[in-house]
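Structural overview for review
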Amino acid sequence: AILALALSTAASAQARKEKVLIYSISIAYEKSIFVDERRKVSDDQFGHFSHIIPHTITQDLNTAGRIQAVKLDGEMPVRDIGSEAFYDDMRKIGERYGAQYIIGGKATVRGRKLSLELALVNIRTRDFIGIFKDSFETGAELRTTISDISTNIGQKLGIYQKESRDGTGRRPAPGLRPPSRG
């Protein structure tokens, strides 16, 4: 009886996991007035972050145990983000993979600074939250930055899940709304 209870509890916990799709991120390069222009940064130098960052976030979220994160190849289609057509596309992708949330975005490299800009899309509520973080190094500090982002995503997903359980509405909690685009 105890084994049956343990197995049913484990199965119940597995069933309650929210599925999150995580796309590769695009990498953009900007020139800085503070970087010596004679030292050209090769685009290939940072291109691997397009896969490493979302892969690491996927691992972090899966390790936490409450979320089933799945890494997808390619970049999230972000054209007209926030529009009805965008959310319709996100719904179709979510249905294809059985996911409620989709994460995608870009990283901008300027000199030694890496700025991450991610969108956490809630398919059910047709809303998204912007997640922004900078790292001034591509080594140990970047790993800490990615860990902070993973924690932030987990917290925001927890708020969405609580609202869904409580029936408290379809919008994110105050202060979590995406920045206005105007």
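Residues numbered from 1 in each chain as written. Predicted model: local features only at pLDDT ≥ 70, side-chain atom pairs only at ≥ 80, totals over all residues. Heavy atoms only, no water.

Turning to the environment of Gly-47, a few remarks are in order. Along the chain, the position of Gly-47 falls in helix α2 (residues 44-47). For Gly-47, a relative accessible area of 28% translates into the label partly exposed. When the C-alpha atoms of Gly-47 and Ile-27 are compared, they prove to be 6.5 Å apart, with 20 residues separating the residues in sequence. Among all residues touching Gly-47, those that are not within four sequence positions of it are Ile-27 and Tyr-29. (Helix = DSSP H or I, 4+ residues; strand = E, 2+ residues; numbered from the N terminus. Buried < 20%, exposed > 50% of the residue type's maximum accessible area, 1.4 Å probe, protein only. Contact = heavy atoms within 4.5 Å.)

Burial analysis of strand β4 (residues 101-110) places seven of its ten residues in the buried class, which makes it a mostly covered element. Of the pairings in the sheet, the one linking strand β1 (residues 18-24) to β4 comprises three bridges and is parallel in character. Paired with Ile-22 across the strands is Ile-103, a residue of β4. Bridge count for strand β2 (residues 26-29) against β4 is four bridges, and the pairing is parallel. Within the sheet, the bridge partner assigned to Tyr-29 lies in β4 and is Val-109. As paired strands, β4 and strand β5 (residues 113-122) are joined by ten bridges and run antiparallel to one another. Within β5, the position partnered with Gly-104 by the bridge is Ala-119. (Pairing = 2+ DSSP bridges.)

The next subject is the environment of Ile-146. Relative to the helices and strands, Ile-146 resides in helix α5 (residues 140-166). Taking the C-alpha atoms as reference, Ile-146 lies 9.9 Å from Ile-52; in sequence the two are 94 residues apart. The residues touching Ile-146, leaving out its near neighbours within four places in the chain, are Ile-53, Thr-56, Ile-57 and Asp-60.

Here we come to the side chain of Thr-108. Take Thr-108: it is sitting in strand β4. If we ignore the near neighbours within four places in the chain, the residues touching Thr-108 are Ala-28, Glu-30, Lys-113, Leu-114 and Ser-115.

Moving on to helix α4 (residues 84-97). Here α4 spans 20 Å end to end across 14 residues, near enough to the 20 Å set by a 1.5 Å rise per residue. Residues of α4 that are buried: Phe-86, Tyr-87, Met-90, Ile-93 and Gly-94. End-on, the buried residues of α4 take up no more than an arc of 120°, which puts them together on one face. Opposite the buried face of α4, by more than 90 degrees, sit the exposed residues Glu-84, Glu-95 and Arg-96. Two residues or fewer after α4 comes Gly-98, characterised by a positive phi angle close to 70°. (Expected span 1.5 Å × (residues − 1). Arc of directions from axis to C-beta.)

One recurring pattern in soluble globular proteins is that nonpolar side chains are buried together. If you look at the biggest cluster of nonpolar residues, it comprises 26 residues, and the most contacted ones within it are Ile-53, Ile-57 and Ile-153. Those elements giving two or more residues to this core turn out to be β1, α3 (49-64), β3 (67-75), β4, β5, β6 (127-135) and α5. For this core, the element with the most residues is α5, which contributes six residues. Among all residues touching Ile-57, those that are not within four sequence positions of it are Ile-22, Leu-118, Ile-146, Ile-149, Ser-150 and Ile-153. Membership of the second largest hydrophobic core comes to 14 residues, among which are Leu-21, Leu-72, Phe-86 and Ile-93. (Core = buried A, V, L, I, M, F, W, Y, C linked by side-chain atoms within 4.5 Å.)

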